[in-house]
Amino acid sequence: MAPKKSNHEFSPKKIKIQKDPKIKIKKKKISSNSNTAAATASVSGSENRGVDSEWWISFWDKNASAPGVPEDEEEEGFKYFFRVSKKTFEYICSTVREDLISRPPSGLINIEGRLLSVEKQVAIALRRLASGESQVLVGSSFGVGQSTVSQVTWRFIEAMEERGRHHLKWPDNDNLQKIKTNFESLFKLPNCCGAIDATHIVMTLPAVQTSDDWCDQVKNYSMLVQAGERLNGNPKTFSGESEIREYIVGGVNYPLLPWLITPYHEGDEVAGFNKVHEGARSVVVKAFSQVKGRWRILNKVMWRPDKKKLPSIIVVCCLLHNIIIDCGDDIKSDDSLLSHHDSGYVEQRCNHVDPIGRKMRENLVSYLEHTK
């Protein structure tokens, strides 16, 4: 069952990809005699380092009349197409600029005989990830071909995955303490460091590539993405002896462990614990809804993706989500999916219970009773 929406407000949640080995995460040459080549040769590295603003004017003139596009060109219109503010867009360009200049995808020349600027390359890639539209449709909105969109998007993903990794990490001690304080303030759960959840990225595969290894419980071919982290932090003591160590919260599809607290099974609930637990877990549910709502390529059925490249696409979308938060962009509610992020899937109950995990959950119930 999809989790109920929480009435609690919580700041946008950053994504941390789980690294758990037990979980299966289901050049065209240009002739030197051509006029195009001569034009290309005249574009020096220093010229390509300049900031290109003309691409946006051209793009806006071409696409502003589409249904649903905001009239505000400068901010709302820009964010409508690329999911980021112009300021954040500039930061993203600066992050990947050196890579896109030093190792540009081959043959990327526009109809005017010039190399595509870094800004236009980043815009093409962001539009592809944000809209989930076909490469043909994205290309037509920029006046470039399908192969150009393919090359640009993948080169951007390679560069961002390498250069933006510092936006995808476990919080340092100071930030972790703030997170724990927020969880206790909003949900009454002490020493809680976050929540864990998983979502499916659905795809179609050629018949020759189909395999039970990629087939999930509802017979879709999908890759499973999980967000979370194992903890070994300092415990918190109350009532003299009872101890609560650091932990995260997860749904019924996870095992009950000392560092991963799940709800009680139906009929076994104690003192309203499940309601409190569900409120805290809603944070990660909302985060996945925002990621798949903002970067729609993850929410559409991918047509025959390269399974070796798909994890990088997912990671970069999570990086971009965190960059938006780190840069202070507003995340609006209409950016999120209207339905649950894993619509069509029902959580499969895990019956594994670690004795220490059971004691931890009992201690949390006692704490909630003690602090009423």
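Being a predicted model, the structure only gives us computed values, none of them experimental.

Caption draft 1: Quick look at the side chain of Lys79. Within the element layout of this structure, Lys79 appears in helix H4 (residues 73–82). When sequence neighbours within four positions are dropped, the list of residues in contact with Lys79 reads Val84, Ser85 and Asp330.

Caption draft 2: The packing of H4 against helix H6 (residues 118–131), seen in detail. Interhelical geometry of H4 versus H6 gives an angle of 65 degrees and a closest axis separation of 7 Å. Classified by the angle between their axes, H4 and H6 sit roughly perpendicular to one another. Residues Tyr80, Phe81 and Phe82 of H4 form the contact with H6, whose participating residues are Ala123, Leu126, Arg127 and Ala130. Of the residues belonging to the contact of H4 with H6, the class tally is six nonpolar, no polar and one charged.

Caption draft 3: Just the confidence of the model for the protein chain, in detail. Scored by pLDDT, the protein chain has a mean of 77; 68% of the residues are at 70 or more. Of all helices and strands in the protein chain, the one with the weakest mean pLDDT is helix H1 (residues 35–41) (31), whereas H6 scores best (95). When the criterion is pLDDT under 50, residues 1–9 qualifies, and its contacts beyond four places in sequence or with other chains add up to 14 contacts. Taken together, the stretch residues 19–48 has pLDDT below 50 and engages in 36 contacts with residues farther than four places along the chain or on a different chain.

Caption draft 4: A look at the sheet that holds strand S7 (residues 260–261). As summarised here, the arrangement of the three strands in space is S1-S6-S7, forming an open sheet in which the pairing is parallel. Of all strands in the sheet, those bounded by a partner on one side alone are strand S1 (192–195) and S7. The pairing of strand S6 (residues 247–249) with S7 spans two bridges and is classified as parallel. Across the sheet, Ile248 pairs through a bridge with Leu260, a residue of S7.

Caption draft 5: Representation of unusual backbone geometry within the structure. Of note, the phi angle at Arg83 is positive, near 70 degrees, even though the residue is not glycine. Inspection of the secondary structure assignment puts Arg83 in the loop between H4 and helix H5 (86–102). Relative accessible area serves as the criterion here: at 14%, Arg83 is assigned to the buried category. In this structure, Lys188 is a non-glycine residue whose phi angle is positive, near 70 degrees.

Caption draft 6: Summary view of the nonpolar core. One finds Phe82, Val122, Leu126, Leu129, Phe156 and Trp295 to be the most contacted residues of the largest nonpolar core, which totals 51 residues. When residues in this core are grouped by element, the largest group, eleven residues, is from helix H11 (residues 310–326). Residues Leu189, Tyr247, Ala280 and Val283 belong to the second largest nonpolar core, which totals 24 residues.

Caption draft 7: Representation of the pattern of salt bridges in the model. Tallied over the entire structure, the rule returns nine salt bridges. Salt-bridge contacts for Glu119 lead to Arg97; the nearest nitrogen and oxygen are separated by 2.4 Å. Here Arg97 lies in helix H5 and Glu119 lies in helix H6, a separation of 22 residues in the sequence. For Arg155, the salt bridge identified is with Glu158, shortest N-O distance 3.3 Å. Of the two residues, Arg155 and Glu158 are both situated in helix H8 (residues 146–163); the distance of three residues between them amounts to about one turn of the helix. Classification of Arg155 by relative accessible area gives buried; the value is 8%. The exposure class assigned to Glu158 is partly exposed, which follows from its relative accessible area of 35%.

Caption draft 8: Fine view of helix H10 (residues 273–294). The terminal C-alpha atoms of H10 lie 32 Å apart, and with 22 residues this matches the ideal 32 Å at 1.5 Å per residue to within 8%. By the largest-angle criterion, Arg281 marks the main kink of H10, which is about 30 degrees. Counting buried positions along H10 yields 18 of 22 residues, so the element is predominantly enclosed.

Caption draft 9: Spotlight on the environment of Trp60. Tracing the chain through its elements places Trp60 in helix H3 (residues 54–63). For Trp60, a relative accessible area of 9% gives the class buried. As a C-alpha pair, Trp60 and Ser141 span 81 residues in sequence and 9.4 Å in three-dimensional space. If near-sequence neighbours (up to four positions away) are discounted, Trp60 is found in contact with Val69, Pro70, Glu71, Asp72, Glu73, Gly77 and Phe81.

What counts as what
- Residues numbered from 1 in each chain as written.
- Predicted model: local features only at pLDDT ≥ 70, side-chain atom pairs only at ≥ 80, totals over all residues.
- Heavy atoms only, no water.
- Helix = DSSP H or I, 4+ residues; strand = E, 2+ residues; numbered from the N terminus.
- Contact = heavy atoms within 4.5 Å.
- Axes fitted to C-alpha atoms, helices over the stretch in contact; angles between N-to-C directions.
- Parallel < 35°, antiparallel > 145°, perpendicular 65-115°, else oblique.
- Nonpolar A, V, L, I, M, F, W, Y, C, P; charged D, E, K, R; others polar.
- pLDDT = per-residue confidence, 0-100.
- Pairing = 2+ DSSP bridges.
- Buried < 20%, exposed > 50% of the residue type's maximum accessible area, 1.4 Å probe, protein only.
- Core = buried A, V, L, I, M, F, W, Y, C linked by side-chain atoms within 4.5 Å.
- Salt bridge = Lys/Arg side-chain N within 4 Å of Asp/Glu carboxyl O.
- Expected span 1.5 Å × (residues − 1).
- Bend = angle between axes of the 7 residues up to and from the residue.

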